[in-house]
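What follows is each chain in one-letter form.
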Amino acid sequence: MKQAIMKNAAPVLNPAIKASLRRFYKADKSLTPLEPAERVLVFAPHIDDETIGLGGTIRRYADAGAQVTIAIITDGKNSNAAPVEADALAETRKQELRSIQDLLGFTDVRYLDYPDSEIKHVASSERFGELIDEIRPDTIYTTSLIDAHPDHVYSAHLVADALKHTAHQPKVVREYEINCPVPPEEINCIMDITDQFPLKQRATEAFKSQVIAFDGFLALAEIKAAQTNDTNARYVETFIENTPQQFIQAADHLKTEDRQYENHFKQANRTVTLWWAIFKNLKLKKAIYQSR
């Protein structure tokens, strides 16, 4: 019933939602040039996070000749509400990721295979650190420290903890957005993916094992183009850019706060519910970001 109501309401609500959110995101920021990078490492808690968060940017790195490694943190066995056998689901998800490798152009995939939905119980960041020292990335991408999915939050903290101990330090650490939109004023990195957006859209269509909708994620790529003063940028991906030390300091501060973000914030996967996802407890979200 709920799904049917949202589907019927979407043709009426979605245009109004997009128009109002463009006003909400409106800013005069410059696009971020893609930095020269030989190696990029993307930590993705779940298969499809890499595509939702930075699929277009991955394609840009690939086109520029960079080697992009995707590190999938969980085994994907608990990533669907439908009654699917866990091992079969995990293998299906890996097949889906392999099917989009040519679309997005990433070079390699590493599977850490921690239990899905249980990252909060991972006691050591050693394997994260070993991967960083092996790959020696110029740039690291990780999920945000503030997110509505616990796996995303704890994964980011493990990356931060690993960076305290690695011999190699990247030049840049960027937090990417999945299901918990970052307040517009906190966005400090905007990548133009206008040319790459069709490939990102096609890549999301590969994840047929997932019951969630993806249209809200894609709509935000268009809506957030209002952040930039470049009128030629019709689709963007946005990030929080840090030095490694800034990222570690933010993680250390937020680690002391047990805010249970999943209880406060709404997932942003559907266009028809984006108002709710963006404005639910927005004052609290802004205060948390400002305290980092």
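Heads up: these notes are all about the structure in this document. (Residues numbered from 1 in each chain as written. Predicted model: local features only at pLDDT ≥ 70, side-chain atom pairs only at ≥ 80, totals over all residues. Heavy atoms only, no water.)

Structural notes on helix α5 (residues 126–135)
When we look at burial in α5, the residues that qualify are Phe128, Gly129, Leu131, Ile132 and Ile135. Along the long axis of α5, the arc covered by the buried residues comes to 160°, so they all point the same way. In this fold, the buried residues of α5 make contact with β1 (39–44), β2 (67–74), β3 (108–114), β4 (139–143) and α6 (150–163). In the segment just after α5, Arg136 is the residue with positive phi, at about 55°. (Buried < 20%, exposed > 50% of the residue type's maximum accessible area, 1.4 Å probe, protein only. Helix = DSSP H or I, 4+ residues; strand = E, 2+ residues; numbered from the N terminus. Arc of directions from axis to C-beta. Contact = heavy atoms within 4.5 Å.)

Notes on the state of the cysteines
One pass over the full model with this rule turns up zero disulfides. With no disulfide of its own, Cys180 has Cys189 as its nearest cysteine by sulfur position, at a separation of 19 Å. Using a relative accessible area of 2% as the deciding quantity, one classes Cys180 as buried. (Disulfide = S-S within 2.5 Å.)

Regarding empty space enclosed by the protein
Taken as a whole, this structure holds three cavities of 30 Å³ or more when the rule is applied. Taken as a whole, the largest cavity encloses approximately 120 Å³ of empty space. When residues of the lining of the largest cavity are traced back to their parent elements, those giving at least two are α2 (49–63), α8 (215–223) and β7 (236–242). Its residues assigned to classes, the lining of the largest cavity shows six nonpolar, two polar and four charged. By volume, the second largest cavity is sized at about 40 Å³. (1 Å grid on protein atoms, 1.4 Å probe; cavity = no way out; pocket = protein on both sides within 12 Å on 5 of 7 lines; lining within 4 Å. Points joined across faces, edges and corners; volume = space filled by probe spheres on them. Nonpolar A, V, L, I, M, F, W, Y, C, P; charged D, E, K, R; others polar.)

Things to note about the side chain of Thr204
The residue Thr204 is located in helix α7 (residues 197–204) in this model. Among the polar contacts listed, one links the side chain of Thr204 to the backbone oxygen of Gln201, at a separation of 2.7 Å. Discounting residues that sit within four places of it in the chain, Thr204 has contacts with Thr51, Phe214 and Leu218. (Polar contact = N/O pair within 3.5 Å; in protein donor to acceptor, adjacent residues only side chain to side chain.)

Remarks on the side chain of Gln196
Mapped onto the elements, Gln196 comes out in the loop between β6 (189–192) and α7. Its relative accessible area of 11% is what places Gln196 among the buried residues. Here Gln196 is in contact with Gly56, Arg59, Arg60 and Asp63, once residues within four sequence places are set aside.

So, the packing of aromatic side chains
In this structure the tally under the stated criterion is 10 aromatic pairs. Taking 6.1 Å as the distance between ring centres and 25° as the angle between the ring planes, the aromatic pair formed by Phe207 and Phe214 counts as stacked. Accessibility classification places Phe207 together with Phe214 in one group, the buried group. Note on Phe214 and Phe217: the rings are 6.1 Å apart at their centroids and 65° apart in plane angle, and the pair reads as edge-to-face. The exposure classification of Phe214 matches that of Phe217, with both residues buried. Each residue in the set Phe24, Tyr25 and Phe279 is aromatic and connected to the rest through ring pairs, giving one cluster. Here Lys266 stacks its cationic end above the ring of Trp276, 5.1 Å away from the centre of that ring. The lysine or arginine in question, Lys285, covers the ring of Phe265, its NZ or CZ lying 5.1 Å from the ring centre. (Phe/Tyr/Trp six-rings, centres within 6.5 Å; stacked < 30°, edge-to-face > 60°. Lys NZ or Arg CZ within 6 Å of the ring centre and 35° of its normal.)

Digging into the sheet that holds β6
Strand pairing in a sheet is mediated by backbone hydrogen bonds. Such pairs are either parallel or antiparallel. The seven strands lie next to each other as β3-β2-β1-β4-β5-β7-β6, forming an open sheet whose pairing is mixed. The open sheet has two edge strands, β3 and β6, and neither has a second partner. When the angles between neighbouring strand axes are averaged without regard to direction, this sheet yields 25°. Examined bridge by bridge, β2 and β3 share five bridges and lie parallel to one another. Looking at the pairing, Ala71 lines up with Arg110 of β3. Across the sheet, α2 is in contact with β1, β2, β4, β5 (172–176), β6 and β7; its angle to β7 comes to roughly 90°. (Pairing = 2+ DSSP bridges. Axes fitted to C-alpha atoms, helices over the stretch in contact; angles between N-to-C directions.)

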